[in-house]
Amino acid sequence: MSPVDVARRLVEEEFPGARAAWLGGSVVRGDASPTSDLDITVLLDGPPAPMRKSLVYGGWPVELFVHTEKSLAYFSGKDQERRQPTMMRLVGESVVLLDTDGSGVRLQESCRAEVAAGPTPLSAAELDLLRYTITNLLDDMSDASGDERTAIASVLWQDAARLLLTGAHHWSGTGKGLLREVVAYDSTHGTDHAQALMQGVRAEDDSLAEEVDRILAAYGGRLFDGFELAADV
């Protein structure tokens, strides 16, 4: 059976009252690996939604995300807050498995439009905090070596990537998802940040710092002197 057939059969067996269901993730994008799972989102009117569950079905590892319209909207809002469109992409960039009342296509189109619109711009305070955090990491890395440098570099490239992306009104991510977002940014803008960041992480020279400074330059450069952060307590 195809992944779509397996996913549809699972939904029909486990959630006979579902209003809609979608298959998203790497299987739909076309970049699945041998360890990839089926990311299935199911829409119900009530309990057991909202919940998530991991299982194996038809030989596939499966991640089930079971929601109501209210919980879908809630987690899409969380996506916006952290500027990582996980929920919106699971529904918006998907294959519709089930659609009993038109909500499957309606919500798919709504999520797709939110993804296309991009995240909210960084506030001045958010931008300053990113610049300050990155500046401190650059200072720490300047006199580090060996394992310490590797540990700092592994954090630094991610913070620099988030600045690059969110500063340009582009979605961010985590782990390999963050790297994919930088690659997508490079493809759109004709840049080479993904390659430069990864090469810098691996190298025992100043290339990572140089690339991070190149990213910082578009947003005012390094920030330490004069940085302020009020506590909200």
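Everything discussed here concerns the structure shown above.
Criteria and thresholds
- Within any chain, residue numbers begin from 1 and follow the written order of that chain's sequence.
- Only residues with pLDDT of at least 70 are given local features in this predicted model, and only at 80 or more are side-chain atom pairs given and counted; all residues enter the totals for whole chains, interfaces and linings.
- The side-chain figures draw on all heavy atoms in the structure; neither hydrogens nor water molecules are used.
- Any Lys or Arg side-chain nitrogen found within 4 Å of a carboxyl oxygen on Asp or Glu counts as a salt bridge.
- Secondary structure counts use DSSP, requiring at least four H or I residues in a row for a helix and at least two E residues in a row for a strand, with both numbered from the N terminus.
- Burial classes follow relative accessibility: with a 1.4 Å probe on protein chains only, a residue under 20% of its type's maximum area counts as buried, one over 50% as exposed, and anything between as partly exposed.
- In this scheme, strands are said to pair when DSSP sees at least two bridges between them.
- As a rule, the C-alpha atoms of each element are fitted with a line to give its axis, helices using only the stretch in contact, and angles between N-to-C directions run from 0 to 180 degrees.
- By the convention used here, residues are in contact when the closest approach between their heavy atoms is within 4.5 Å.

Draft legend 1. Spotlight on the pattern of salt bridges. Under the definition given, this model contains 18 salt bridges. Between Arg-19 and Asp-101 there is a salt bridge, and its shortest N-O distance comes to 2.8 Å. Separated by 82 residues along the polypeptide, Arg-19 in the loop between helix 1 (3-14) and strand 1 (20-24) and Asp-101 in the loop between strand 5 (95-99) and helix 5 (103-117) bring together distant segments of the chain. According to the relative accessible area criterion, Asp-101 is partly exposed, its value standing at 43%. Notably, a salt bridge pairs Asp-128 with Arg-131, separated by 3.4 Å at the nearest N-O pair.

Draft legend 2. The sheet that holds strand 5, seen in detail. The five strands are arranged 3-4-2-1-5 in an open sheet whose pairing can be described as mixed. Here the strands that pair on one side only, and so sit at the sheet edges, are strand 3 (51-57) and strand 5. Neighbour-to-neighbour, the strand axes of this sheet turn through a mean angle of 20 degrees, independent of strand direction. Sheet topology note: the strand 2 (residues 38-43)/strand 4 (residues 60-67) ladder contains six bridges and is parallel. The residue of strand 4 that forms the bridge with Leu-43 is His-67. Contacts from helix 3 (residues 69-82) reach strand 1, strand 2 and strand 4 within the one sheet, and its direction differs from that of strand 4 by about 105 degrees. Relative to the sheet, helix 5 contacts strand 1, strand 2 and strand 5, its axis offset from that of strand 1 by approximately 45 degrees.

Draft legend 3. Representation of unusual backbone geometry within the structure. Each neighbour pair has its own omega, and for Pro-47 with Pro-48 the value is 10 degrees, a cis peptide bond. Take Pro-48: it is sitting in the loop between strand 2 and strand 3. Look at the link from Ala-49 to Pro-50: it is a cis peptide, with omega at -5 degrees. Positive phi is not limited to glycine here, since His-169 has a value of about 60 degrees. Here His-169 is to be found in the loop between helix 7 (146-167) and helix 8 (175-189).

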